[in-house]
Amino acid sequence: MNLKSNILKIGVVIALIFMLIPVIAAEDVDDSAVADAVNDDVVSEDITQDDDELSDDADEDLEEDDDENLEEEYEEEISQLDDEEKAEYLLEGFHLIEEAASSDAEIKELFVTQRGMKEWGDWLAVNKEISTFLVSDEVMTAMSDLPTPQGILAVMTLTSEDTPDFSGGWLLLDNVQDPGNVGTMIRTADAFGMAGVLLGKGTADIYSTTVLRSMQGSNYHLPVLQKDLSEVIPVMKGKGFTV
């Protein structure tokens, strides 16, 4: 009886063991699947973060490139505008404009008020090939540097400066900053029949309105050039000039 009872107990235990094995295996599989799923989520999250970081870096690089391109385009436009401004200058007053026209200087445009049309109408008719625009007194005042504009203003085109042959007498001005004095000395050189005037570094700009008015058109009678005197003087000495 005891033997049968023990065998029966052993059989029950064995049956229970076989019943529990699939459950344990299933739990192991579930745990492994869960672990794999968690790992997949972590990897996916890392990849997403990496993609986001790469995307942000790419966006930043594109923004930097765009900024650099815009800056280069802006600098190029400014450079073009500077070149255009340097290629032109304003000339005010009928006497100076008449001197420029008679010297075959290139007048790009004329701006005239109604009063100017009446006063210089005959001259404007003779020079009708010049583009002329009628403007109000208010516009002329805004364009002019004079407290009381004469009513006529010209946009002049700069001509290229040819290298002089340095024959005859030349006036050299170095670091003369007062525009009125520069204009007066150029006018004096013209009156004395000098061959030309050289303006060194630091000297007032010949195309400033004050210098132009002070020269009284003498710049259309003789060459007035802006040069580096440290380079020009050795050339002049080599040609026998005493400087």
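Owing to the predicted nature of the structure, the values given are computational and were not obtained by experimental measurement.

(A) Fine view of the layout of surface pockets. Its boundaries defined by the atoms lining it, the largest pocket holds a volume of some 480 Å³. Lining the largest pocket are 23 residues, and of these T159, Y207, N219, P223 and V224 lie nearest its centre. Going through the elements one at a time, β4 (152-157) and β7 (224-226) are the ones with two or more residues in the lining of the largest pocket. Among the residues forming the lining of the largest pocket, the class breakdown is 13 nonpolar, 6 polar and 4 charged.

(B) Expanded view of the environment of L172. Tracing the backbone through its elements, the reader meets L172 in strand β5 (residues 170-173). In this structure the C-alpha to C-alpha distance between L172 and G200, which are 28 residues apart in sequence, comes to 7.3 Å.

(C) Geometry of the nonpolar core. Counting residues in hydrophobic clusters, the biggest one holds 31 residues, and the most contacted among them are L91 and L110. The set of elements that each furnish at least two residues to this core consists of β1 (88-92), α2 (94-102), β2 (107-112), α4 (121-126), β4, α6 (179-191), β6 (196-199) and α7 (209-215). The element that contributes the greatest number of residues to this core is α2, accounting for 4 residues. Contact partners of L91, with chain neighbours within four places excluded, come to L96, I97, A100, L153, A154, M156, L212 and Y220. Judged by nonpolar contacts, the second largest core, of 7 residues, contains F166, L229, V232 and M236.

(D) Region of the structure containing the side chain of E92. Here E92 shows up in strand β1. Polar contacts involving the side chain of E92 include one to the side chain of S144, which spans 2.4 Å. At 2.9 Å, the side chain of E92 forms a polar contact with the backbone nitrogen of D145. Every residue in contact with E92, bar those within four places of it in the chain, is listed here: S144, D145, L146, I152, L153 and T209.

Criteria and thresholds
Residues numbered from 1 in each chain as written. Predicted model: local features only at pLDDT ≥ 70, side-chain atom pairs only at ≥ 80, totals over all residues. Heavy atoms only, no water. 1 Å grid on protein atoms, 1.4 Å probe; cavity = no way out; pocket = protein on both sides within 12 Å on 5 of 7 lines; lining within 4 Å. Points joined across faces, edges and corners; volume = space filled by probe spheres on them. Helix = DSSP H or I, 4+ residues; strand = E, 2+ residues; numbered from the N terminus. Nonpolar A, V, L, I, M, F, W, Y, C, P; charged D, E, K, R; others polar. Core = buried A, V, L, I, M, F, W, Y, C linked by side-chain atoms within 4.5 Å. Buried < 20%, exposed > 50% of the residue type's maximum accessible area, 1.4 Å probe, protein only. Contact = heavy atoms within 4.5 Å. Polar contact = N/O pair within 3.5 Å; in protein donor to acceptor, adjacent residues only side chain to side chain.

These figures come from the coordinates and say nothing about function on their own.
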